[in-house]
Amino acid sequence: MHTRSKQSRALVVMIGAGLITVPILVPAVAQAAPEPSGLPAIVVNEVIQDNDAIADAIELLNIGDEPVDLSGWILADDKNEMLVDEGTIIAPGQYLAITVDDDARADKFGLGKADQANVKLPDGTLVDSYSWNGHVPTSYGRCVDGTGDFQITIEATPNAANACVARAAGNIVINEIESNDPDKGPDWVELFNTSAWAIDLGGVSFSDNNPGKNRYDIPAGTVIGSGETLVLTEEQFDFGLGGEDSATLSEGDAIIDTYSWTAHALHSYGRCPDGVGEFGQTTEATPGAANLCSAPEMPEIVVNEVETNDGEPGDWIELFNLTDAEVSLAGWVVRDNDDAHVSVLPADATIPARGFYVVEESQLGYGLGKEDAARLYLPGGHALVSEYSWTATADDQHAPTTFGRCPDGTGDWRITTASTKGAPNDCGLALRINEVETSDDWVEIVNVGFETADLSGMTLLDGGDKAPYVFANGTELAAGAYLRVDVASAFGLGGNDEITFADAGGSVIDFVAWTSHPAPTLGRCPDGTGEFGNTRLATPGAKNACAGELVTQAWPGADRMDPVDAPNTFGTDMSGVVYEADGTIWAVNNGNGTLHKLQLVNGALTEADGWTGGRTLRYGDGLGTVDAEGVAVIGGSSANGILVASERNTGTGDRGSRPSVLRYDISGTGELLATHEWNLSGFYPGIGANAGLEGVAWIPDAELVAAGLVDENTGRAYDPAEYAAHSGGVVFVGVEATNMVAGYVLGTGGEITRITEFETAFPGVMELEYDSATGLLWVLCDEVCEGRAQTFKVGADTDRAGEFAAVAAYERPAGTVNYANEGFAIAPISQCVDGLRDVLWANDDQSDGHAFRLGAINCTSDGSGDGDGDGDGNGDGGEDSGSGGTGTGTGSSSDSGSANGKTAALVTTGAPQEMYGALIAAAALLVALGGAAALVDRRRRA
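Being a predicted model, the structure only gives us computed values, none of them experimental.

(A) Structural detail: the overall build of the protein chain. Looking only at helices and strands, one finds four helices and 70 strands in the protein chain. Among the 942 residues that make up the protein chain, the fraction classed as buried is 59%. For the protein chain, the share of sequence-separated contacts (at least 6 apart) that also reach a separation of at least 24 residues comes to 62%. Summing over all exposed atoms, the protein chain offers an accessible surface of approximately 33900 Å²; the carbon and sulfur share of this is 49%.

(B) Seen up close, the sheet that holds strand E68 (residues 836–843). Strand order in this open sheet of four strands is E48-E69-E68-E67, and the pairing throughout is antiparallel. Of all strands in the sheet, those bounded by a partner on one side alone are strand E48 (562–563) and strand E67 (821–826). Across two bridges, E48 lies against strand E69 (residues 852–858) in antiparallel orientation. Across the sheet, residue Asp 562 finds its bridge partner in E69, namely Leu 854.

(C) A look at the pattern of salt bridges. Within the structure shown, the criterion is met by 29 salt bridges. Between Arg 658 and Glu 677 there is a salt bridge, with the nearest N and O atoms lying 2.9 Å from each other. Placement of Arg 658 in strand E56 (residues 657–664) and of Glu 677 in strand E58 (residues 676–679) is noted, with a sequence separation of 19 residues between them. Using a relative accessible area of 15% as the deciding quantity, one classes Arg 658 as buried. Through salt bridges with shared partners, one network takes in Asp 85, Arg 105 and Asp 107.

(D) Local environment of the packing of aromatic side chains. Applying the stated rule across the entire model yields 31 aromatic pairs. Judged by centre distance (6.0 Å) and plane angle (35°), the rings of Trp 261 and Tyr 269 are tilted. Pairing Phe 758 with Phe 792 gives two aromatic rings, centres 4.7 Å apart and planes at 40°, and the pair type is tilted. Within this pair, whereas Phe 758 is found in strand E62 (residues 752–759), its partner Phe 792 is found in strand E65 (residues 789–794), the two being separated by 34 residues in sequence. One aromatic cluster is present, formed by Trp 555, Trp 778, Tyr 810, Phe 824 and Trp 841 through successive ring pairs. Over the ring of Tyr 377 we find Arg 335; its NZ or CZ atom is 4.6 Å from the centre of that ring. Cation over ring: Arg 658 sits above Tyr 619, and NZ or CZ is 3.7 Å from the ring centre.

(E) Local environment of the sheet that holds strand E3 (residues 42–48). Spatially, five strands are ordered E9-E4-E3-E12-E13 in an open sheet, and the strand pairing comes out antiparallel. Of all the strands in the sheet, the pair left with one neighbour each is strand E9 (95–99) and strand E13 (149–152). Across the sheet, the axes of successive neighbouring strands diverge by a mean angle of 35°, strand direction being ignored. Summarising the sheet, E3 and strand E12 (residues 140–143) pair through two bridges and their orientation is antiparallel. Counted as the bridge partner of Glu 46 is Gly 141 from E12.

(F) Structural view of the state of the cysteines. In this structure the tally under the stated criterion is six disulfides. For Cys 272, the disulfide goes to Cys 293, at an S-S distance of 1.5 Å. Residues Cys 272 and Cys 293 share a disulfide whose torsion about the S-S bond is about -80°; that sign makes it left-handed. Taken as a pair, Cys 272 in strand E23 (residues 269–272) and Cys 293 in the loop between strand E24 (278–281) and strand E25 (301–307) lie far apart in primary sequence, 21 residues in all. Across the disulfide, Cys 832 is cross-linked to Cys 859 (sulfur-sulfur distance 1.9 Å). Disulfide Cys 832-Cys 859: torsion about the S-S bond near 105°, hence right-handed. With Cys 832 in the loop between E67 and E68 and Cys 859 in the loop between E69 and strand E70 (906–908), this residue pair connects regions lying 27 residues apart in the sequence. When its relative accessible area of 3% is taken as the criterion, Cys 859 is described as buried. Each disulfide in the protein chain links cysteines that, numbered along the sequence, combine into the pattern 1-2, 3-4, 5-6, 7-8, 9-10, 11-12.

(G) Spatial organisation of the nonpolar core. Grouped together as the largest cluster of nonpolar side chains are 57 residues, with contacts concentrated most on Leu 60 and Leu 201. The residues contacting Leu 201, other than those within four sequence positions of it, are Ala 168, Ile 172, Leu 191, Ile 218, Thr 222, Ile 224 and Leu 230. Counting 29 residues, the second largest nonpolar core, distinct from the first, contains Val 741, Leu 768, Leu 777 and Ala 809.

(H) Representation of the confidence of the model for the protein chain in the model. Averaged over every residue, the pLDDT of the protein chain is 84; residues scoring 70 or more account for 86%. Every residue in residues 1–36 is under pLDDT 50, and counting partners more than four places away or in other chains gives 160 contacts. Low confidence marks residues 863–942, where pLDDT is under 50. Its contacts with residues over four positions away, or in another chain, come to 360 contacts.

(I) Main features of the pairing of E24. Where E23 and E24 come together, four bridges link them in antiparallel fashion. Pairing of Gly 270 across the sheet is with Gly 280, part of E24. Where E23 folds back on E24, the antiparallel hairpin that results is connected by five residues, among which Gly 275 adopts a positive phi of roughly 85°.

(J) Just the pairing of strand E35 (residues 412–415), in detail. Sheet topology note: the strand E34 (residues 403–406)/E35 ladder contains four bridges and is antiparallel. Across the sheet, the residue bridging to Arg 405 is Trp 413, located in E35. Between E34 and E35, which pair antiparallel in sequence order, lie five residues; one of them, Gly 409, sits at a positive phi of approximately 85°.

(K) Quick look at the side chain of Ser 638. Relative to the helices and strands, Ser 638 resides in the loop between strand E54 (626–633) and strand E55 (642–649). The contact partners of Ser 638, leaving out residues within four places of it in the chain, are Glu 580, Trp 586, Val 633 and Ile 666.

(L) Molecular detail of the side chain of Asn 51. Take Asn 51: it is sitting in the loop between E3 and strand E4 (57–62). Exposure remark for Asn 51: the relative accessible area of 16% places this residue in the buried category. There is a polar contact of 3.2 Å between the side chain of Asn 51 and the backbone nitrogen of Ile 54. Separated by 3.2 Å, the side chain of Asn 51 and the backbone oxygen of Pro 137 make a polar contact.

(M) Up close: unusual backbone geometry. The omega angle of the peptide bond from Cys 406 to Pro 407 is 0°, so this bond is cis rather than trans. The peptide bond linking Ala 519 to Pro 520 adopts the cis configuration, its omega dihedral lying at -5°. Looking at the element boundaries, Pro 520 is found in the loop between strand E44 (508–514) and strand E45 (522–525). Positioned with a positive phi, Asn 602 is a non-glycine residue whose angle comes to about 55°. With respect to the secondary-structure elements, Asn 602 resides in the loop between strand E51 (594–601) and strand E52 (604–607).

(N) Local environment of the environment of Val 588. Take Val 588: it is sitting in strand E50 (residues 585–589). On the basis of relative accessible area, Val 588 is assigned to the buried category, the value being 0%. Considered as a pair, Val 588 and Val 631 are 43 residues apart in the sequence and their alpha carbons are 6.6 Å apart.

Parameters and conventions
- Residues numbered from 1 in each chain as written.
- Predicted model: local features only at pLDDT ≥ 70, side-chain atom pairs only at ≥ 80, totals over all residues.
- Heavy atoms only, no water.
- Helix = DSSP H or I, 4+ residues; strand = E, 2+ residues; numbered from the N terminus.
- Buried < 20%, exposed > 50% of the residue type's maximum accessible area, 1.4 Å probe, protein only.
- Contact = heavy atoms within 4.5 Å.
- Areas by Shrake-Rupley, 256 points an atom, 1.4 Å probe, with all protein chains shown as cover.
- Pairing = 2+ DSSP bridges.
- Salt bridge = Lys/Arg side-chain N within 4 Å of Asp/Glu carboxyl O.
- Phe/Tyr/Trp six-rings, centres within 6.5 Å; stacked < 30°, edge-to-face > 60°.
- Lys NZ or Arg CZ within 6 Å of the ring centre and 35° of its normal.
- Axes fitted to C-alpha atoms, helices over the stretch in contact; angles between N-to-C directions.
- Disulfide = S-S within 2.5 Å.
- Core = buried A, V, L, I, M, F, W, Y, C linked by side-chain atoms within 4.5 Å.
- pLDDT = per-residue confidence, 0-100.
- Polar contact = N/O pair within 3.5 Å; in protein donor to acceptor, adjacent residues only side chain to side chain.

Structure (structure tokens):
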């Protein structure tokens, strides 16, 4: 199980008087010059991907001794490809920039903010690659050409040597001027380097308002480092600065920077803030140090609420405007506790009077840890406006909801009752009227908070003239618990009535009114936070039975979940698991990025020969650590390849989102390099780094065609022949942040096409498993949903022919523990014995020392029956279209993360109602308020 990480994506570099965002380069993804391997000596040398004057291009360089014929070679980003024209020859030492965003070409593509440049042989063999995580206005280039690491260049130079040495123009500014200090020393001028590079000032001149007479040529070799200052004194430039004068930097005839004044300053003239601000009089001369300026007027904008636990669509920081006027936030800077984590708010950012502004994780470019800070600065990033820092909760976790001010804008910070992104903070008592019954006259109270509540002296009052019901001293309600209150002794409840719930001082906590007797009860859906409506049945002291919610059945197999691995063998973070057709078991570990080959013999699970400790998974460039969350077998046999679903590369300092499906050939030995990577980030913009792909499953084309799957792209029956060469099946992925499952045709040439998508009933999809014997696609949730599962099949709903629809939903086996099971695999039908076959669960926590537990499922049950939708077995289990079918040998994985506002409530049928406690109460609360925060018992994985 992982710890929440923080992703660093960008730093702010000051250029002239403005700001640009410059990505922090991750050396691990920069592929050095090819080692001797039989591949041609061709490297990616420069990438142009956000230059207003030059179209997107990939520059290649021949660092070998022989010309290379590039005919039919492939240039690609993370999902598109372009063929190099026939007859293209690159000579030794030649630079060749190829425009990929060429309107004249049908196979053109643009290079994105987070993307990659790949050069491949005609057969798809990767020759060289470079990946990046942010736009730059110049280019990314190797310094030195051909063999050096990539860096941000000074300017784009297609078909020429990279510009790796910065110039003064646009980077060096005059920062402070002293013209009136005869008693303390000579006049002076301070220069400031706003760029990310050290700059040699050779060729730069300094002059006053008489440049023909007073001009000082700065000697070559005078270097000013990035973010550093250089003071030139009167002793050097040999002229004084007058009361009405100017200071000018120039290079030849071109002026780099200039400032004029009409009277001596009391102390000095200086930029505030340094390097980028306007000139003004300082409060003290500070040659060679930060300027001392009058304190800027601080707008009354404060940090108001903070989500650190992976909300919707990720972490976020909420600001509040205490003033009665709209305020522009253009250029304002947001940081966490790391000065290198910088987010500059866009030019159109405004916050309304007495209103809110939310900075999403996708804007931040980094996540927020369980011990961290949120800091807000004026443009330039120097003047701190507001900040809040926090530590982990008592159980070393993130806040179960959010940290927020109570009241908004001015109050003390606390853990809120509920997440309220972009709305007033919920700081009230965590008690709510939850259900009302008017025949037997009872009212149900629920505690939606995270601490036991004392109800002593609180009251319930109806709309009549009788005395209220008063809670006795010592009455307590545990977090997440429900309390039936029989009010008949105080008053009766009529068909046109109301209930007021007040604290001991008479302040109203909650209120509900109705105009006719509810049938059977009036209840909130979801519990504690939703709107009141008629329920399906009365559930005093338990979770409400809401119309249209998911209804579950008992587990369709044996009621057991027995350990099968030797204690403390595999450690934590075991995630996806899958059987192949011959009974071999594959599993992945998301902590150390390993693939494991397992065998189950006589009830004992062990590692196969040669696979002790698993094998490390790498990306195609041999670098990084794959956050392996899901695993599937192509065509039921590992000989066809293994698919792994990954959320991110945890082996880099960035750790940003990288939702990818990777294919591995397991025939070799040692570390495994991905033969293919399909990066799906374009389908999930803004997705959190720890909220991406959790499960993966492979379903054969033939079975999807036979099932009548409708292709969402064409509106016709799915036809594999309409797509480029692929694995012979459709790859399905479960996405944690969206609670969705989607099916993709992944071409062997890197093509990605989504052909179907459907919604599940869970807060997040934590595992996928395709069972070829029944044609069911299983979707699992982990301990957040009490280990429940839901099945889907194409055509299960006759009103939605050709789409995936819900078939049934199941509880975990009765009497078993609610483990953090994030892997689930069903044994092949060939292993059916006495009507049962094995199922294997992978436990991310290694609870009680065991990472794997074995159970059983009915061999041939198709899972049909009651419980897929509206309480009578007839619901559709989801609103979005989708499709599916039957197939052989697939599976996947999961990891935990965020819930979202599309989650349905969960109710058990055929057994007494459960009281789920604080966890499920928290789930309902967060879901109803639109927050996708991870719940109190969901720990962060990294």
